[in-house]
Amino acid sequence: MNAHDNAAVTERNGARYAEVIVEVKSASVDRPFHYEIPSLLAERVHVGTRVLVPFGPRRVEGYIVGFSATTEVPEKTKPLLEVLDDDPPLTPDLVELARWLSERYLCTKAAAVQALLPSGMRAKATTFLRIQNAPDSVYLPGSWEYDLLQELYQSPNKTKEQLLSEHPEWRPLIRTWVEEGVLQELHGVKHGIQIKTMTYLSTGLTESELQGALDEISNRAKKQKELLTYLYEAGDALLMKDVFAETGASSATLKPLLEKGFVVKEDREVHRDPYASKHFEPSQPLPLTPMQDNAYQTIKNAVDSDAPQTILLQGVTGSGKTEVYLQSIAACVAQGRQAIMLVPEISLTPQMVEQFKKRFGDEVAVLHSRLSTGEKYDEWRRIRHGEVNIVVGARSAIFAPFRSIGLMIIDEEHENSYKQDDHPKYLAREVAMYRARQHKATVVLGSATPALETRWWAHQGIIQRVEMPERVRGQKLPKVRVLDMRNELQSGNRSMFSNALKTGIEERMERGEQIILFLNRRGFATFVLCRSCGFVARCQDCEIPLTYHKARGLEQLRCHYCGYAERMPETCPDCQGDHVRHFGTGTQRVEEELYKVFPDAKVIRMDVDTTSGKDAHATLLQRFRQGEAQILLGTQMIAKGLDFPNVTLVGVISAETSLYLPDFRAAERTFQLLTQVAGRAGRHELPGEVIVQSYNPQHYAIQFAKDQEYEKFFEHEVRHRYSLNNPPFFELTAFTSVNEDEMKALHLARHLEDLLRRSLGGRDDVIILGTSPAPLARLQGKYRFNVVLKYKKFKPVSKPIREAYQALQGEAQKLGGYLTIDVNAQMIL
DNA sequence: AGCACGCCGACT
DNA sequence: GTCGGCGTGCTC
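Owing to the predicted nature of the structure, the values given are computational and were not obtained by experimental measurement. (Residues numbered from 1 in each chain as written. Chains lettered and ligands numbered in written order. Predicted model: local features only at pLDDT ≥ 70, side-chain atom pairs only at ≥ 80, totals over all residues. Heavy atoms only, no water.)

On to the overall build of chain A. Within chain A, the regular secondary structure consists of 24 helices and 33 strands. Seen through its C-alpha atoms, chain A measures out along the principal axes to roughly 95 × 70 × 60 Å. Out of the 829 residues belonging to chain A, those deemed buried represent 53%. For chain A, restricting intrachain contacts to residue pairs at least 6 apart in sequence, the fraction spanning at least 24 positions comes to 74%. A distance of 3 Å separates the average location of the 104 positive side-chain charges in chain A from that of its 107 negative side-chain charges. (Helix = DSSP H or I, 4+ residues; strand = E, 2+ residues; numbered from the N terminus. Buried < 20%, exposed > 50% of the residue type's maximum accessible area, 1.4 Å probe, protein only. Contact = heavy atoms within 4.5 Å. Lys, Arg positive; Asp, Glu negative; His and termini not counted. Charge placed at Lys NZ, Arg CZ, Asp CG, Glu CD.)

Dropping the structure here:
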């Protein structure tokens, strides 16, 4: 496992050199550099310590990853400059995790370290320039010398870096002046995040000292005496601003008390708490059903055992997985170990956070992308300092710096939000399983519709599987009807609602029940076409058909990938004819149609266009919950984790929107989506009904979803994947060559393909899919070509892949573009 | 990545 | 003649 490096050691043991990974993201410096440890810093350096080091002509941030007694380059070593934190941000297991990440996902160690630390954690070296000996010569206005001196007199607080970015031409002059002693450099460090402090007041006086103090204070200073007595009676240190508010004192009152030493003022570090304003009613563990208890016992046994394990918890929607999670975590924490709970799109599922806060109170930290950088950093420090035992968060929370992890739960594990979209493109499930080996921890993968790979591993006996096939309250799964829209058309119904759906909506509205309508496409129409010449409006940058939007009377065409927008043309830009029309159906159009067919209906529409505001999401859902509207209409964002007691009908306007994407997971996604949407109906007392409209109702993904038969879908899909050499039988790695110049992008992709064919071509466990335009062939003005590699096992092919990738990355940059890699790609775009 | 050093075209 | 373009090479 440690085929890494020379004799790097974890403990310093008097070793002379620190091995440092520098924060420079370039493959050419992706290796440890040796630095001498100055005796002044000797006590403060550990594995994982963040340091400032000299690197060439500049100073950069770096992380200590090991120590060694010797170095091959003694003549080159320089000393460490500074230790940047009191506690090392990385624990030794995180250093090891970073190394693994960089090898598995082919990124630099520096990039891996950044992925697993909060974004605010970045320091920048700064340098100030002071005039030490004014030069003898007199300079003419307009000369560099004159201008630089002017600038230094006028803005002495500008850093050297600021100065150089504004006037790069001053660089040589500054250097010579520093050498000649005209200027002096003062070095500093600017931290990315301010640690937030609050001022506290306290008095350390005993009762008799207090008496003496009160006597000493002039009788005219009534406020001072009051303040001092107040603080004495409190005993504890109090927040200064509260004290001022309570006693009416001010800093004028306080000042003499501080000077005489009667009162002590101190700044204490505080953590920004994103949930400080919310109150959570404590909740108690609920009694478990036999099925829940079985799942709970399985997880508990795994946590108790001293071996890493992975368990697939396959439970239908409404089977009570959350309560199992909560109690398993409680059991883990009771053992003195910590737990991580991952949820997809946490900002969409505030209920989950709420349930954790109610059950565990302050023991929970929350990490997700909607927190400010400062809030994230503070939650991270609460974890690092052992103030909490539980983290609930999105994907990156899997890196929580706990000391001893017992349990990691990934809820809705099949969701693709668990694959990081930017570099390194890690898969949370894989990271969890690696950390499980480090900590001898248990991973629970929870889902009603597991990713095919996960279910396959369970089938192979590689991981355990526990089922929860029934709903907690014993409700039946809702009845799902699939309606063939071709029949509707034949019988003369040209509207987007089948007769059954229309009647269904009418009935619910009469009974005062609620309806959810689902369509996986926003906007009004799908595309815009000229009926005379066949012209289709496309984004000039992405070449994707533009979507027709209607907003406040304004007719717009928008690109859903880059956000580009233009006005709907009145005549065809190509043939000048006036037969430009929009086709296809989006959420906006459904909304308009709903108001036509049901004039009394109140509809809430939820899609990217209506939920841009900070709390728009929660607000819209809250309004629906309170019954302000009978119909909730939305894209897949409404499919996730919602639970409305009054909803008895769920309608899917068109089941195939996700079926014909050029993606090997299209059937799986469609099945998962339909199953999930169906699970929304009738979760409480009222029975639920689901109506799925489709032009292709016999498709197996739709048929199996209709009866919620995951196992049958699994069997069918596994065969399909096998015959096409797709996951889980082969793993996919995708390279994308991106360039504004189409020929350059293509050339680079071809070159890469050649290289891969030469190194891997002969193997029968590797399939190379040649260069092809990416499904998103042009994005934001840049052409994209893919080279996709399929292989059975990553290890034997990782070296050739790495070499080809590194060789051509530089090449791509020379051509003005770039090359990305997605190891174990979940989707090819 | 940055920054320095080094070798070729248009300019006070 | 020089200033400054960016190709090449190195960073403990």
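In the vicinity of DNA strand B, the residues found are Val 24, Lys 25, Ser 26, Ser 28, Pro 57, Arg 58, Arg 171, Arg 175 and Gln 813. Per the 4 Å cut-off to the protein, sugar and phosphate atoms form 70% of the nearby atoms of DNA strand B. Ser 26 places a side-chain nitrogen or oxygen 3.2 Å from a base nitrogen of DNA strand B. Between DNA strand B and the protein, one listed contact pairs a phosphate oxygen with a side-chain N or O atom of Arg 171 at 3.5 Å. The class makeup of the residues in the surface near DNA strand B is two nonpolar, three polar and four charged. (Near = heavy atom within 4 Å. Polar contact = N/O pair within 3.5 Å; in protein donor to acceptor, adjacent residues only side chain to side chain. Nonpolar A, V, L, I, M, F, W, Y, C, P; charged D, E, K, R; others polar.)

Of all residues adjacent to DNA strand C, which total 14 residues, the nearest are His 34, Gly 56, Lys 76, Thr 77 and Lys 78. Take His 34: an N or O atom from its main chain is 2.6 Å from a base oxygen of DNA strand C. Gly 56 has a polar backbone atom sitting 2.8 Å from a sugar or linking oxygen of DNA strand C. At the level of secondary structure, the elements contributing two or more residues to the surface near DNA strand C comprise strand 2 (33-36) and strand 3 (50-55). With three residues, the top contributor of residues to the surface near DNA strand C is strand 2.

Next up on the list: the sheet that holds strand 30 (residues 731-739). Taken in spatial order, the four strands make up an open sheet running 31-32-30-33, and their pairing is antiparallel. At either margin of the open sheet sits one strand with a lone partner, and together these are strand 31 (766-779) and strand 33 (818-823). Across the sheet, the mean angle separating the axes of adjacent strands is 20 degrees when strand polarity is ignored. Here strand 30 pairs with strand 33 via six bridges, running antiparallel. Note on strand 33: the bridge partner recorded for Ser 737 is Leu 819. Against the sheet, helix 23 (residues 742-760) contacts strand 30, strand 31, strand 32 (782-791) and strand 33, and its axis sits at roughly 15 degrees relative to strand 32. In the packing of helix 24 (residues 795-814) onto the sheet, contacts are made with strand 30, strand 31, strand 32 and strand 33, and the angle to strand 33 comes to roughly 160 degrees. (Pairing = 2+ DSSP bridges. Axes fitted to C-alpha atoms, helices over the stretch in contact; angles between N-to-C directions.)

Moving on: the pairing of strand 20 (residues 514-518). A large share of strand 20 lies buried, amounting to five of its five residues. Burial of strand 20 is two-sided: the residues Gln 514, Ile 516 and Phe 518 facing one way and the residues Ile 515 and Leu 517 facing the other way are all buried. Of the pairings in the sheet, the one linking strand 20 to strand 28 (residues 647-652) comprises five bridges and is parallel in character. Bridged to Ile 516 within strand 28 is Val 650. Bridge count between strand 20 and strand 27 (residues 631-634): four bridges; the pairing is parallel. Note on strand 27: the bridge partner recorded for Phe 518 is Gly 634.

Read these as layout, nothing more, since geometry by itself doesn't imply function.
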